[in-house]
Amino acid sequence: MNMSTGCEFPTIQTFERAPSAADFESGVELTNFPAVFRGCASDWEACSKWNPFSNGLDYLEERAGSVEVEAMLSRTAPIFNGDIRSHERVSMPFSDFIRLCKQHMISKEKGSGVDAKSASLTPPLPQDPTTPGQIYLAQFPILNDEKEEKVQLKILRQDLQTPSLLGGKSLSSINFWMNSAQARSSTHYDPHHNLLCVVSGCKKVVLWPPSASPSLYPMPIYGEASNHSSVGLDNPNLSDYPRAELSLQFSQEVTLNAGDAVFIPEGWFHQVDSDELTIAVNFWWQSNIMSNMPEHMDSYYLRRITRRLIDREMSLLVSKPSSTLLKQPSEHLDQCKIGQTEGGDGNSSNQSIEKGISTLREKTPLHDLDPSASHALHDLISLVHDHVNAVGTSRELQHTSPSSSDIAPERDSSKILVNALSSLEDDRVAHMLWNLEASKLRDVLLAMARYFPRTLEALIIHMLSPVAAEVLTQKFDEIDQQSGEEDRSQFYQEFYGAFDDESAAMDIILTRKETFAFQAFKNVLDKYLGVHITSPTTNL
């Protein structure tokens, strides 16, 4: 058994001997991780009787030639897409399909194309004669537990054996797959566990875990081909699908020869390349998770899983950037702002700061701050001053407190800020908050609340972006964990007490935090469901 690692997930296990049904269920199926089983189907009679290079085509024609089958006719051959717009289903006798395969064998041996006689065996596409490379007998049932009357190829069931590792499984279906020329199934996942067994020929299977969904751009969840990827992975258009560049990092490839099988768990994306004249059979069954999930719990699990994906996306969005990615505050900012409270002459702020610096440093405990906290305090104050000066609202930094009516209009005008969702890499406030340890941020915020309340108010009301609000509330959680109940109560009392309207300040922080979460939610819908939305819906 091979268990070496080389990517985010362990390398797919390869079993030289098939495990027992109990070992398969406990050691493979319950892990929801693929596995290869060499020789799993090699003792089937089908492996000898169906082999196209050992008169197998004659045998198949004799056994089931009169059966009416439905084949896929692709407009994008050799790629067969699950999207119904790219192919159509055509009916024909199984014997016609077999004769098409025989003709393809002859033409390959002679090194020539397909003649007109062989081309006439299949219904033509509009203004485009069908060739062997355009037709694929895919997912044709040998067994179906729900539609027994439509199982036309059940006569071939006697040449197969249910693999011992599937003993005790309630199979949903057994399907027949056969292609004359090289073929590729588009990248997709199935809502069942799948054991794909190669009877003749060779298949290469590329697999991606469900977590790789963002790089595969799944089709919209409401569409007819919702389980298929919308991007071709050989040469993806990275301008339209930039995340596709990462798809190979999550993929693993296995090769199956005659008699081999691969377990593809439900939800795992896979792309299958089939050599010429390859025949396979697959077994589908419902997973224990889905079969044991009562329907009345669906909405709850939907909300739980969605919330978990949102939390994960938020963690990705709030990831610490490299220090080189952000322009650091100027080293030449006016250091005296640390020593000056907001009690000076509003008409000459800088002169007042200079005049009172020595006295105020003696009267306040700012000099007791940790050097890194003191530096952060200075940077935050300077950033707010620069911002207010730039937008012409220097009244926010004067000792006169703004009224509640000053705050409410700003909440409306801040929609521009809220909608312009910045990332941690380019948001200086969020970056500063992120880089501070929770205990030091607590000291900085308390210092601002006590000595620079208008600056703190301007910071929260006017400059706190959605990502900065998320970082701030995460730091609040850390402060809560590090503090006793009395200290926590005192901290929040002083912090919110600095605002003219405490409720408005809390509402702004929570509203912008929720705006950030909504952006994460939109990303989740895009990455995992292929759905794009622009704004939250309102309650009716």
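Residues numbered from 1 in each chain as written. Predicted model: local features only at pLDDT ≥ 70, side-chain atom pairs only at ≥ 80, totals over all residues. Heavy atoms only, no water.

Enquirer: Report on unusual backbone geometry, specifying residues and quantitative values.
Expert: Positive phi, normally seen in glycine, also occurs at Asn32, with a value near 55°. For Asn32, the position within the fold is in the loop between α1 (21–27) and β2 (35–37). Residue class for Asn32 comes out partly exposed when judged on its relative accessible area of 26%. Positive phi is not limited to glycine here, since Tyr217 has a value of about 50°. Here Tyr217 is to be found in the loop between α6 (213–216) and β11 (252–257). (Helix = DSSP H or I, 4+ residues; strand = E, 2+ residues; numbered from the N terminus. Buried < 20%, exposed > 50% of the residue type's maximum accessible area, 1.4 Å probe, protein only.)

Enquirer: So what's going on with the confidence of the model for the protein? Which residues, and what values?
Expert: Do not read the fine detail of predicted coordinates wherever pLDDT is low. Overall, the predicted model of the protein reaches an average pLDDT of 82, with 77% of residues at or above 70. With pLDDT under 50 throughout, residues 393–420 is counted as low confidence; its partners more than four residues away or in other chains account for 47 contacts. (pLDDT = per-residue confidence, 0-100. Contact = heavy atoms within 4.5 Å.)

Enquirer: Report on the nonpolar core, specifying residues and quantitative values.
Expert: One finds Leu456, Leu472 and Phe495 to be the most contacted residues of the largest nonpolar core, which totals 53 residues. Going through the elements one at a time, α8 (298–317), α10 (371–391), α13 (428–435), α14 (438–451), α15 (453–463), α16 (466–482), α17 (485–497) and α18 (502–529) are the ones with two or more residues in this core. Per-element accounting of this core gives the leading share, nine residues, to α14. Leaving out residues up to four positions away in the same chain, Leu472 has contacts with Leu433, Leu441, Leu445, Ile460, Leu464 and Ile509. Grouped together as the second largest cluster of nonpolar side chains are 50 residues, Val28, Val69, Leu137 and Val199 included. (Core = buried A, V, L, I, M, F, W, Y, C linked by side-chain atoms within 4.5 Å.)

Enquirer: Could you give me a rundown of helix α3 (residues 56–64), with the residues and numbers involved?
Expert: Those residues of α3 not exposed but buried are Gly56, Leu57, Tyr59, Leu60 and Ala64. Within α3, the buried residues cover an arc of 160° as seen down the axis, which keeps them to one side. Those residues of α3 that are buried lie in contact with α2 (46–49), α4 (94–110), β7 (171–179) and β14 (278–285). (Arc of directions from axis to C-beta.)

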